[in-house]
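Residues per chain, in single letters:
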Amino acid sequence: MASATVGQPVVLLVSGDAGIGKTALVTESARRSGTRLYVGRCVPIGGDAVPLAALSDLVRSLRRQSATLLDAPDLAALARWPNVSDTTIGEIFEAVLSLLGRICVDGSVILLFEDMHWADAVTWDLFDFLARNLFDEAVVLTATLRADEVGRDPLRRRRLAEIARLPIVQRMHLDGLSRADVEARVAALVGRVPSYELVERVLSRGGGNPFFTQELVAAEEQGQAIPTALSDLIVADLDAFDGDGRRVLGAIAAVGHGIDHNLLERVVGIDASALEAALRKAVDARLLLVAGDRYRFRHALIGEVAYDQLLPPERSRLHQRIADELASDTSGMTRPDRLGELAFHLDRGGDSPAAFVALLAAADAAEVLAPATAFAHLERALAQWDTAGAATTEDRPTRIWQAAELAATTVSNQRAIELARQAMTLGAPSQGAAWAHERLGRYLWAVGDHDASAAAFDTAARLLDVPGPAAGAVATYAGLAQAALMRGRNDEAERYVEQVLAVAPDPAEHPAAWTMATRVSAIALVQRGELDSGIARARRAVAAAPTANSRVFAVTYLGMALLDAGRYDEAVTEMLDAIAEAHVTGTDASFGGFLAGVASDALVRAGRWPEAQVVLDRHDPRAQMPIGAVRLTASAVRLAGRRGDLDGVRNALAAIDGLPVDPWQQMQLDHASCDAHVACGQWTEAAEAARRALASDMGALPLWQSRFGLLLTIAEVETTLDTLARRDTVDVTATATRLAAAGPRGTDEGSPLPGPMAAERAHLDAELSRLGRPRPDLWKSAADRWAAIGDPYWTAVAYRHLAEAAFATDDLTTAADALQTAHRTATELGAARLVADVAAFSRRTRLAVDAPRAPVLAATSIDRLGLTSREAEVLGLVAAGHTNRQIGEGLYVSEKTASVHVSNILRKLGVTSRVDAAAIAHRLGVTS
């Protein structure tokens, strides 16, 4: 709590068995510290999670406390909650984050997500989103959960583990009370010192669980037989109720979460006075709690036992009544959560056909906002198709394809393959057979089955070539454009894009196909060196994306375009935002690793290496799709190489050895590998990777020719210099001439190179000068260009070579400045091999890697030399080895004025050189 009071947010995960006192601990902590507590409760419906129940609970609580709190424009999505069919889930999450910032203004708060083990996937997404985006809010974001419940669910266990790795997260597991604590609790409950025997019985049967202790003691005090299990205790409590009371408790249990009074009255069907009497009795017995106009069980276990006590016909009738009431509220029938709830109650009520229809409607309603939820609804509907859906007019293949598309981005492409093949046995879909084969090819490509994928793509292309109109042709052309891009066939990809845009020049006509074709076109432009045009086109694709799935695809392509254009900070922002959005929509299973790979690669190139490592540490390549694993590995290889960690490079590459890699990903991996081997001085390995890439179909594209042309040049120049050092024969002129053609000079004749390509060309030209006359000017140009795009590693490399070239031309001042810059940057980055190389050059040349401090003359020495105070300052700088320009900059005078001061000093000292002047100064008592 102390951290939150000073604006340092904390995420607290409190785990323990049911009834152990998790919520009581948080509540008491809030009371003792005087901290405001806001609670959102996660509840199940007959075992199934209620979507965003915690958010609904929180919003109701806030509305009761302040009628105007949610009126702010940035909270509009919450103000309309839960009627938000026109709002994206991302907007809702952003609104909750804004709300947190608002309620923290007047002091720290605790926001409690109670019983997260019952939370649905979207509630986990909300909690994770808040945990990752808290910055300076004075909040303790807390979740209570049952460790055993989470432990039985691999997905929730993984989600919990991911959240727990965040730096601001603290975990607290509550064990049972000690004997002394149980004795004290029993004493408080009974109001006297308890007998030893009572404490022992409660302790042995309750295991120190505070809730069990309380219930066991309550049973003892009521003279009831003490049960041997909690369920028996709760049944005993329920037995105290008559018919009306049992019906009321049963109805609340069937709803599965808090229920408002009006709905409860309609569902139970008893008169108002009998209902109120039953509720009063349940509240007095501490089975129910009242929150506003809603009732809920004091502990969910009570509801579970109450539900189990219902007879099957009772359950069926209750669920049917609840379903009827939900269906009568037509305003809620566009909401995914309400439709899913309706389907559940219809199914439990025995109306399977109606539940089947509701599941399909719920899937359609959730598809845009929550694809993972939509897929779950579809899976349940497909499983019931032969029974509940026997009379439906729905097209089964269409629904299977819908499920396949959702599965590909939320669950797994393997499941998408299974669904696609199942659908294809039922005949061609409405989009046409070509579309079906293209989609199957996409799923196969994603799991790394490239041979089968290529066959499917080729089949789709052949089917499109038949005479006459082809249904779904525009979507198929778009998919084949993406496939061609991934297969390294840029020209083919652009031809398919042209066919899409010829049919759909505007996104309004075929938004999904237009978006796909446009994002493919964006990357094709970037690879041709048209960086700004490519980025602009990628942004148009993002803006036009009609669904969560197509949007995350488009943002991914935008991130790649920004990365290739050297706009690293923008790429990082887009990718990290996309990771959060993919998490929210449930598409992170497919996209999370790839997005993280692009983000970490941009962080590496931007010199933000600790941040890159954090991103990499959060995503295990072994848990990703092949493309995600390759992208993460490429980033890890580049980072290890620039750090000088050759073992790290080799280990990362070995970890994905044998993993299927398509031509597109192979280029990414080869570039990272080549970059790393150059950084580690492995010239042979670097040259081999560069030659292999340049010989591929994609190697002739300007973007790749520029990248690999530079790296090949560096490797071959170093190899040539090594050969010359051994006094072996080598044709230097021929080598230089051949390498000079390795990189492009412009995307069009006479046009300048864009972004990183300009830096690569400048560096290549400077590198070639090492085989001839030293050219400090070329190295300065390369350093400036690398600095302009924000790649500090290559900037430092260029400055290291600038120092060498300047030293060779006797420009010691430039050499010293460049070497100090290279050393400072390499040290800050943690580029160990580059630091060592700079230090070795410093030792050979006696050029200091640290800027010298200006000595100071004692007053007696100044008088003895006949210098003014200003001249004494100048002499100190001369003794430190500063040039006239540096003296001028240090004293804020012009270089000419500094020169006049130096001339006067030389005259007064009777010497002719700066070296002699510095020597006299040191002999006469200079201190530093």
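Since we're looking at a predicted model, the values are computed, not measured. Throughout this description, residue numbers start from 1 for each chain and increase along the sequence as written. The model is predicted, so local features are restricted to residues of pLDDT at least 70 and side-chain atom pairs to those at 80 or more, both for listing and for counting; the totals for chains, interfaces and linings are taken over all residues. Side-chain metrics in this entry use all non-hydrogen atoms of the structure; hydrogen atoms and water are not considered.

**With respect to the packing of helix α28 (residues 531-544) against helix α29 (residues 548-564)**
Two quantities define a packed helix pair, namely the angle between the helix axes and the distance between the axes.
So, step 1. What counts as an axis is a line fitted to C-alpha atoms, over the stretch in contact for a helix, and the angles between N-to-C directions run from 0 to 180 degrees. Helix and strand definitions follow DSSP, with helices as H or I runs of at least four residues and strands as E runs of at least two, each counted in order from the N terminus. The N-to-C vectors of α28 and α29 enclose an angle of 165°; their axes lie 8 Å apart at closest approach. Taken together, the axes of α28 and α29 lie roughly antiparallel to each other. As for how α28 packs across α29, the hand of that crossing is left-handed. Facing L531, I535, A538, R539, A541 and V542 of α28, the residues of α29 in contact are R551, A554, V555, L558, A561, L562 and D564.
So, step 2. Of the residues contributing to the contact of α28 with α29, the split by class is 10 nonpolar, no polar and three charged. Working rule for angles: under 35 degrees goes down as roughly parallel, over 145 as roughly antiparallel, 65 to 115 as roughly perpendicular, anything else as oblique. For any pair of crossing helices, the crossing counts as left-handed if the nearer helix is rotated counterclockwise from the farther one by less than a right angle, and right-handed if it is rotated clockwise. Any two residues whose heavy atoms approach within 4.5 Å at even a single point are treated as in contact. Each residue gets one of three labels, nonpolar for Ala, Val, Leu, Ile, Met, Phe, Trp, Tyr, Cys and Pro, charged for Asp, Glu, Lys and Arg, and polar for the others, Gly among them.

**Overview of the sheet that holds strand β2 (residues 36-41)**
So, step 1. A sheet is described by the order of its strands in space; here five strands give the open sequence β2-β5-β6-β1-β7, paired in parallel fashion. Of all the strands in the sheet, the pair left with one neighbour each is β2 and β7 (169-174). Going across the sheet, the axis of each strand differs from the next one's by a mean of 20°, ignoring polarity.
So, step 2. Taken together, the six bridges between strand β1 (residues 10-16) and β7 define a ladder with parallel strand orientation. The residue of β7 that forms the bridge with G16 is L174.
So, step 3. Relative to β7, helix α8 (residues 154-164) is tilted by about 125°, and along the sheet it contacts β1, β6 (139-145) and β7. One bridge is not enough; two strands pair if DSSP finds at least two bridges between them.

**Remarks on the nonpolar core**
So, step 1. Definition used in this section: a nonpolar core is a set of buried Ala, Val, Leu, Ile, Met, Phe, Trp, Tyr and Cys residues joined via side-chain atoms within 4.5 Å. The cut-offs for exposure are 20% and 50% of the maximum accessible area for each residue type, with area from a 1.4 Å probe on protein chains only; residues under the lower value are buried, those over the upper are exposed, and the others partly exposed. Grouped together as the largest cluster of nonpolar side chains are 128 residues, with contacts concentrated most on Y557, L595, Y793, W794 and L834.
So, step 2. The residues touching L834, leaving out its near neighbours within four places in the chain, are Y793, A796, V797 and A826.
So, step 3. In this structure, F297, I322, L382 and I417 belong to the second largest nonpolar core, which totals 70 residues.

**Points about the confidence of the model for the protein**
So, step 1. Per-chain confidence: the protein averages 84 in pLDDT, with 91% of residues scoring 70 or above.
So, step 2. The pLDDT score gives, residue by residue, the confidence of the prediction method on a 0 to 100 scale. Segment residues 225-229 is flagged for pLDDT under 50; beyond a separation of four residues in sequence, or across chains, it makes eight contacts in the model.

**What to know about the packing of aromatic side chains**
One pair of aromatic rings is described through two measures. These are the centre distance and the angle between the planes.
So, step 1. Pairing of aromatic side chains requires ring centres within 6.5 Å, counting the rings of Phe and Tyr and the six-membered ring of Trp. Pairs whose planes differ by under 30 degrees are stacked, by over 60 edge-to-face, and all others tilted. Taken as a whole, this structure holds 12 aromatic pairs when the rule is applied.
So, step 2. Between W664 and W704, the ring centres sit 6.5 Å apart and the planes meet at 90°, which makes this aromatic pair edge-to-face. Placement of W664 in helix α35 (residues 663-679) and of W704 in helix α37 (residues 702-725) is noted, with a sequence separation of 40 residues between them.
So, step 3. Chaining the aromatic ring pairs together yields one cluster made of W609, W786, Y793 and W794.
So, step 4. Whether a charge sits over a ring depends on NZ of Lys or CZ of Arg being within 6 Å of the ring centre and within 35 degrees of the ring normal. In this structure, R519 is placed above the aromatic ring of Y557, and the distance from its NZ or CZ to the ring centre is 5.2 Å.

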